[in-house]
Amino acid sequence: MKVDTIMVRFGEYTTKGRNRGFFEKRIYDQVRRVLRPFAAVQMTRTYGRIYIKLNGESYELISAKLKHIFGIASFSPASKCESELEVIRETALEVMHSLPKKPSTFKVTMRRVDKSFPHDSQEMNHLVGSHVLRAMPDLKVDVKNPEVELRVEIQPEGTYVFCEVVPAAGGYPYGTNGKAVLLLSGGIDSPVAGYLAMRKGLELEAIHYHSFPFTSEKAKQKVITLAQKLADMSGVPFKLHMVSFTEIQTAFTQCNQDHLIITLMRRAMLRIAERLAEQAGALGIVTGDSLGQVASQTLGSMNVIGRTVELPLLRPLITTDKNEIIRIAEQIKTYATSILPYEDCCTLFVPKSPSTNPNLNVVLKVESFVPKLDEMIDEAVAGVETLVIKPGESSAGKTSAGSDDWF
Amino acid sequence: MLYFDHCASTPPREEVIRTMMEVMAKHYANPSSLHQGGVEASGLLERSRAAVAGIFGTAPAEWTFTSGGTESNNAAIIGAVARYRNKGKHLITTQIEHPSVYDTFRKLGNEGFRVTYLPVNEQGTIEVRDLADALSEDTVMVSIMHVNNEVGSVQPIPQIGELLKQRRRVLFHVDGTQSVGKLPISLREWGVDLFSASAHKVGGPRGVGLMYARQGVQLEALLAGGGQEQGLRPGTENVAAIVAAAKAFRLAVEGGEARNAAMNRLRSRLVECIGTIPELVLSGAKSAYNDDNQSVMAPHIVHFSYPGMKPEVFVHTLEEMGILASTKSACSSRENKPSRVLLAMGLGQARAASGIRISLGDEHREDDIDYLCGKLGEAVLKLKPFERKDCKS
């Protein structure tokens, strides 16, 4: 079959009432931005749909891009033809012939949006189905459980014929549900949390805490690589704030409260995150917490840690299993980077038996004994180093090594 | 001395040498080291990779740095065949590949694979039809060079790519060692899965090669070691040479079209000159383009035979006159056998045993060609009394 058109369907926000136009415009702009390299394509937007006319551009390359656009629920490679019975029948047959594997059962599903078309849906089902059956005698109709569903949509501008529905990322267009900051550690979970948050339409800025010399420069590079992947997914520039956490972390190790050190660190991180969120105009903090995974992610710990800040803490992974998280990480291609063996500041100084049920009063007391904690937090916020990561660039372009005229 | 052996190796560009020296002096740290020096060195590798990816319109992760064209060819072919050996046992290549491809397939043939070696016509190109006929359900790889290193014939890679697009399970390897910087290359458009190139053929350092493996194509590594280059090519990376290679590739491709048009003019001048010396017979097509305006001969290679004369004698005679040329390909010029490539082109023993290759570079001007031309004539005059008549046909 000659795929000449891609029919794009939108995600769950189509149920939204008056805001729908806004969502649709955002996704239209996003699709247009992603398809900019394909000069020949033409896009049209109709109610709840985008049609991409390929004009000779590669379906494979374009579909690979569409799969990752947030807000697109699914799309179909289609053959567009004139709304005339004979033409529709021939096109339907062509589509059936072009299937990679010959099915033994099929059914026709008709959608007649153009009510001026002379035959109604029932008649059309029969007219198209019988034509296909005559030409492909081995085929049988199975309306309940067909191997192939041959779909025909009669629209005012023409008729689309297709069999395949390719699932895409779903969710909301990027940035249509407000803005939050993401705590990006370099592990497996936080990039996945970021991905899920972005898919829900959240615009993100990431924050990474490093403890040089306790953490290595490579750990930093790793986080930049992960941020690059998130930028590639959203398709827009992505901010990554690098916070030096060394001073605070070493101050905590002096408290002789080893089992509380993780709790104290997480609280300090959230305070810094909240301040950076304010600066960014963000209204939430996204973390990769998953209930019970480590000591700081028990309900008791989350209670004591969460009480540090007033902004809502968003935890997309809170009830997911590790295996599930890994599966998504593989799918969004962050896994291989995440498992690179560089320590980040959450794995540093981990005590033998961290508290899984810290006492808030004790924690508050210990914090009050840490000299100059507030100043150190101020300093960390003031000293933040912000990188802007552009989609489609490799992180290699950002390493400072070498002089430009070497390349 | 006039150097006419660019196919064997090119003089490195000055700016490439400078880059290499600077990087070598400053960035000697091991890219796998954790300290700042190591981080910087590995950053340079990634910048080089991004630069190479940019030149070919591909993704950085698709490129691996190797030790040269031979390793790239071996690693791509053996690596892919080993990975996909359960998908089929039939491989297709041509009779005129470089030994690093040809001998690799010979070896695979001994290991239970069925290998089809496609024939070439008198101009040294395969017929796409022959390839289509050779494809079978069992075919897993097609490997075809872009430009032949010995005679300069250009294979119809875009058409082959078009044909193979309908056969998605067949991997398409292209040896681009002689074509990078000489002909336009569109890996994505042609549907190329694996590609090889070498830095010292484009004014870069010796000892660096490129291997492209399209995203999704998995390879088994030939070497075991420290996991460098995503495990595909372990061993401490030669950072200075790799950075210099990236620069050389960029310079070779940038503005290549204009330079190569000039080189093409030199080529026609030389071809015309050879036509005036009756003892010499040109191999391949006269013109660089066919009637459909497709490249059929590389702009930098002119190959001819002097039937009845041992090519070494001719080359040494030219050398005495201040001209450096070569017999068949430099890699195998020490073997005293008629050229497999010329035999495959159906040129017969006499011509196959007397081939001489002139390969041009950016630095050559019309004067150089005219000088060369005069010397070719002189050399023939000098050697004519020593022709062996029994070897002439």
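About the thresholds
- Residues numbered from 1 in each chain as written.
- Chains lettered and ligands numbered in written order.
- Predicted model: local features only at pLDDT ≥ 70, side-chain atom pairs only at ≥ 80, totals over all residues.
- Heavy atoms only, no water.
- Helix = DSSP H or I, 4+ residues; strand = E, 2+ residues; numbered from the N terminus.
- Buried < 20%, exposed > 50% of the residue type's maximum accessible area, 1.4 Å probe, protein only.
- Areas by Shrake-Rupley, 256 points an atom, 1.4 Å probe, with all protein chains shown as cover.
- UniProt positions renumbered as here; feature names shortened; annotations may be inferred.
- Contact = heavy atoms within 4.5 Å.
- Buried area = accessible area lost by both parts, 1.4 Å probe.
- Salt bridge = Lys/Arg side-chain N within 4 Å of Asp/Glu carboxyl O.
- Polar contact = N/O pair within 3.5 Å; in protein donor to acceptor, adjacent residues only side chain to side chain.
- Disulfide = S-S within 2.5 Å.
- Pairing = 2+ DSSP bridges.
- Axes fitted to C-alpha atoms, helices over the stretch in contact; angles between N-to-C directions.
- Patch = residues over 30% accessible without salt bridge, like charges linked within 9 Å, V, L, I, M, F, W, Y side chains within 5 Å.
- Lys, Arg positive; Asp, Glu negative; His and termini not counted.
- Charge placed at Lys NZ, Arg CZ, Asp CG, Glu CD.
- pLDDT = per-residue confidence, 0-100.
- Core = buried A, V, L, I, M, F, W, Y, C linked by side-chain atoms within 4.5 Å.
- Parallel < 35°, antiparallel > 145°, perpendicular 65-115°, else oblique.
- Nonpolar A, V, L, I, M, F, W, Y, C, P; charged D, E, K, R; others polar.
- Phe/Tyr/Trp six-rings, centres within 6.5 Å; stacked < 30°, edge-to-face > 60°.
- Lys NZ or Arg CZ within 6 Å of the ring centre and 35° of its normal.

**Student:** I would appreciate a short explanation of the overall build of chain A in the present structure.
**Tutor:** Broken down by element type, chain A carries 13 helices and 15 strands. In chain A, which comprises 407 residues, the proportion classed as buried is 54%. Total accessible area on chain A is roughly 19000 Å²; 52% of this is exposed by carbon and sulfur atoms.

**Student:** What is the right way to look at the UniProt feature "binding site: ATP" (unreviewed entry) in chain A in this model?
**Tutor:** Residues and elements named next belong to chain A. UniProt tags Leu-183, Leu-184, His-208, Tyr-209, Arg-266, Gly-288 and Gln-297 as "binding site: ATP" (unreviewed entry). Among the secondary structure elements, Arg-266 is positioned in helix 8 (residues 261-280). By relative accessible area, which is 16% here, Arg-266 ends up buried. In contact with Gly-288, other than residues within four places in its own chain, are Asp-189, Ser-190, Ala-193 and Leu-317.

**Student:** Just checking my understanding: could you explain unusual backbone geometry for this structure?
**Tutor:** Backbone geometry follows two general trends: most residues other than glycine have a negative phi, and most peptide bonds adopt the trans configuration. Positive phi outside glycine occurs at A:Asn55, with the angle close to 50°. Inspection of the secondary structure assignment puts A:Asn55 in the loop between strand 3 (49-53) and helix 2 (59-66). Within the chain, B:Gln230 stands out as a residue other than glycine whose phi angle is a positive 50°. Inspection of the secondary structure puts B:Gln230 in the loop between strand 8 (209-213) and helix 8 (239-253).

**Student:** Honestly, the interface of chain B and chain A in this entry has me stumped. Any pointers?
**Tutor:** Interfaces are frequently sized by the accessible area removed from exposure as the parts join. Between chain B and chain A, the residue contacts involve 25 residues of the former and 16 residues of the latter. Taken over both partners, the interface formed by chain B and chain A buries close to 1700 Å², and the fraction arising from carbon and sulfur atoms is 63%. Its largest share of buried area at the contact with chain A, chain B owes to B:Leu34, B:Val39 and B:Arg47, together 37% of the area lost on that side. Along the contact surface separating chain B from chain A lie one salt bridge. With its nearest N and O atoms 2.4 Å apart, the salt bridge here joins A:Asp404 to B:Arg47. The tally of links between chain B and chain A comes to four residue pairs in polar contact (both at pLDDT 80 or more). Contributing elements (two or more residues each) for the side of chain B that touches chain A: helix 1 (14-26), helix 2 (36-55) and helix 8 of chain B. Top contributing element to the side of chain B that touches chain A by residue count: helix 2 of chain B, with eleven residues.

**Student:** So what exactly am I meant to see when it comes to the state of the cysteines here?
**Tutor:** In a disulfide, the sulfur atoms of two cysteines are held together by a covalent bond. Residues and elements named next belong to chain B. One pass over the structure, following the stated rule, counts one disulfide over all chains. Note on cysteine connectivity: Cys-273 is disulfide-linked to Cys-373, with sulfurs 1.6 Å apart. Sign of the S-S torsion, about 125° for the bond between Cys-273 and Cys-373, identifies this disulfide as right-handed. Residue Cys-273 is found in helix 9 (residues 256-275), and its partner Cys-373 is found in helix 13 (residues 366-383); the two are separated by 100 residues along the sequence.

**Student:** What's the story with the sheet that holds strand 9 (residues 281-282) of chain B in this structure? I'm lost.
**Tutor:** Paired through their backbone hydrogen bonds, the strands of a sheet run either parallel or antiparallel. Residue and element names in this part refer to chain B. Pairing in this open sheet of four strands is antiparallel, and the strands run 9-10-13-12 from one edge to the other. With one partner strand each, in any of the chains shown, strand 9 and strand 12 (326-327) form the two edges of the open sheet. As paired strands, strand 9 and strand 10 (residues 301-305) are joined by two bridges and run antiparallel to one another. In the sheet register, Val-281 faces strand 10, and the bridge partner there is Ser-305. Its contacts with the sheet place helix 9 against strand 9, strand 10 and strand 13 (355-359), and it is angled at close to 10° to strand 10.

**Student:** Would you mind showing me how to read helix 5 (residues 189-199) of chain A here?
**Tutor:** Note on helix geometry: an α-helix contains 3.6 residues per turn, so any two residues three or four positions apart are oriented the same way. Residue and element names in this part refer to chain A. The element helix 5 is largely enclosed, with a buried count of ten among its eleven residues. Taken together, the buried positions of helix 5 are Asp-189, Ser-190, Pro-191, Val-192, Ala-193, Gly-194, Tyr-195, Leu-196, Ala-197 and Met-198. Positioned one or two residues after helix 5, Gly-201 has a phi angle of 90°, which is positive.

**Student:** I tried to follow the side chain of B:Ser9 on my own but got confused; where do I start?
**Tutor:** Residue and element names in this part refer to chain B. Tracing the chain through its elements places Ser-9 in the loop between strand 1 (2-3) and helix 1. A distance of 2.3 Å separates the side chain of Ser-9 from the side chain of Arg-206, its partner in a polar contact. Ignoring any residue separated from it by four or fewer positions in sequence, one finds Ser-9 in contact with Tyr-3, His-200 and Arg-206.

**Student:** It is not clear to me how a negative patch on the surface should be interpreted in this structure. Could you clarify?
**Tutor:** Residues and elements named next belong to chain A. A contiguous patch of negative charge on the surface is contributed by Glu-247, Asp-374, Glu-375 and Glu-379. By residue number, the principal contributor to the negative patch is helix 13 (residues 373-382), which donates three residues. With respect to the secondary-structure elements, Glu-247 resides in helix 7 (residues 246-253). Overall, the relative accessible area of 45% leaves Glu-247 in the partly exposed class.

**Student:** I would appreciate a short explanation of the pairing of strand 8 of chain B in the present structure.
**Tutor:** Consecutive side chains along a regular strand alternate between the two faces of the sheet. Residue and element names in this part refer to chain B. The buried count for strand 8 comes to five of five residues, which makes it a mostly enclosed element. Both faces of strand 8 are covered, namely the face carrying Gly-209, Met-211 and Ala-213 and the face carrying Leu-210 and Tyr-212. Both strand 2 (residues 63-66) and strand 8 contribute to a ladder of four bridges, which runs antiparallel. Each bridged residue has a counterpart across the sheet, and for Thr-64 the counterpart in strand 8 is Met-211.

**Student:** How should I be thinking about the confidence of the model for chain A in this particular structure?
**Tutor:** One rule of thumb: low pLDDT means the predicted coordinates there are not for detailed reading. Put simply, chain A has an average pLDDT of 89, and 95% of its residues get 70 or more. When pLDDT is averaged over each element of chain A, strand 13 (residues 285-286) of chain A comes out on top at 98 and helix 1 (residues 20-34) of chain A at the bottom at 86.

**Student:** Help me understand the sheet that holds strand 6 (residues 171-175) of chain B, please; the structure alone is not making it clear to me.
**Tutor:** Residue and element names in this part refer to chain B. Strand order in the open sheet formed by seven strands is 2-8-7-6-5-3-4, and the pairing between neighbours is mixed. The open sheet has two free edges, formed respectively by strand 2 and strand 4 (114-118), since each of these has just one partner strand. Shown here is a sheet whose adjacent strand axes are inclined to one another by a mean of 15°, direction ignored. Pairing geometry for strand 3 (residues 90-94) and strand 5 (residues 139-145), over three bridges, is parallel. Bridge pairing in strand 5 links Leu-91 to Met-141. Lying over the sheet, helix 6 (residues 157-165) contacts strand 5 and strand 6, oriented at roughly 170° with respect to strand 6.

**Student:** I'm lost on the nonpolar core in this one. Help?
**Tutor:** Side chains of a nonpolar character, in soluble globular proteins, are inclined to be buried together. Membership of the largest hydrophobic core comes to 61 residues, with the highest contact counts inside it found for B:Phe56, B:Trp63, B:Val142 and B:Phe195. Among the elements that make up this core, the one with the highest residue count is helix 8 of chain B (twelve residues). Excluding its chain neighbours within four sequence positions, the residues that come into contact with B:Phe195 are B:Phe56, B:Trp63, B:His173, B:Val174, B:Gly176, B:Val180, B:Ile185, B:Leu187, B:Leu210, B:Met211 and B:Tyr212. Judged by nonpolar contacts, the second largest core, of 36 residues, contains A:Phe245, A:Ala277, A:Ala282 and A:Val370.

**Student:** How do you make sense of the side chain of B:Ser359 when you look at a structure like this?
**Tutor:** All names here are of chain B. On the secondary structure map, Ser-359 appears in strand 13. Residue classification places Ser-359 among the buried positions, given a relative accessible area of 0%. Among the polar contacts listed, one links the side chain of Ser-359 to the backbone nitrogen of His-6, at a separation of 2.9 Å. Look past the residues within four positions of Ser-359 in its chain and what remains in contact with it is Phe-4, Asp-5, His-6, Cys-7, His-300 and His-364.

**Student:** Help me out: how do you make sense of the packing of helix 7 of chain A against helix 13 of chain A in this one?
**Tutor:** Axis angle and axis distance: for two packed helices, these are the angle between their axes and the distance between the axes, and together they describe the pair. Residue and element names in this part refer to chain A. Put simply, helix 7 and helix 13 touch, their axes get as near as 9 Å, and they point 155° apart. Taken as axis vectors, helix 7 and helix 13 run roughly antiparallel relative to one another. Of the residues in helix 13, those in contact with Glu-247, Ile-248, Ala-251 and Phe-252 of helix 7 are Leu-373, Met-376, Ile-377, Glu-379 and Ala-380. Residues that form the contact of helix 7 with helix 13 fall into these classes: seven nonpolar, no polar and two charged.

**Student:** Even after reading the chapter, I still don't get the packing of aromatic side chains, so can you show me in this structure?
**Tutor:** Each aromatic ring pair is specified by the distance between its two centres and by the angle formed by the two planes. What the rule picks out here adds up to eleven aromatic pairs over all chains. Seen in terms of ring centroids, A:Tyr51 and A:Tyr160 are 4.5 Å apart; in terms of plane orientation they differ by 10°. Their pairing is stacked. Of the two residues, A:Tyr51 is situated in strand 3 and A:Tyr160 in strand 8 (residues 158-162); the sequence distance between them amounts to 109 residues. Summarising the burial analysis for this pair, A:Tyr51 and A:Tyr160 share the class buried. For the ring pair B:Trp63 and B:Tyr212, a centre distance of 5.1 Å and an interplane angle of 50° mean the geometry is tilted. Within this pair, whereas B:Trp63 is found in strand 2, its partner B:Tyr212 is found in strand 8, the two being separated by 149 residues in sequence. Here B:Trp63 and B:Tyr212 have matching classes, each one buried. Put simply, the rings of B:Phe56, B:Trp63, B:Phe195 and B:Tyr212 pair up and form one aromatic cluster. Positioned above the aromatic ring of B:Phe113, the side-chain terminus of B:Lys89 is 4.9 Å from the ring centre. If you follow B:Arg106 out to its NZ or CZ, it ends over the ring of B:Tyr117, 5.0 Å from the centre.

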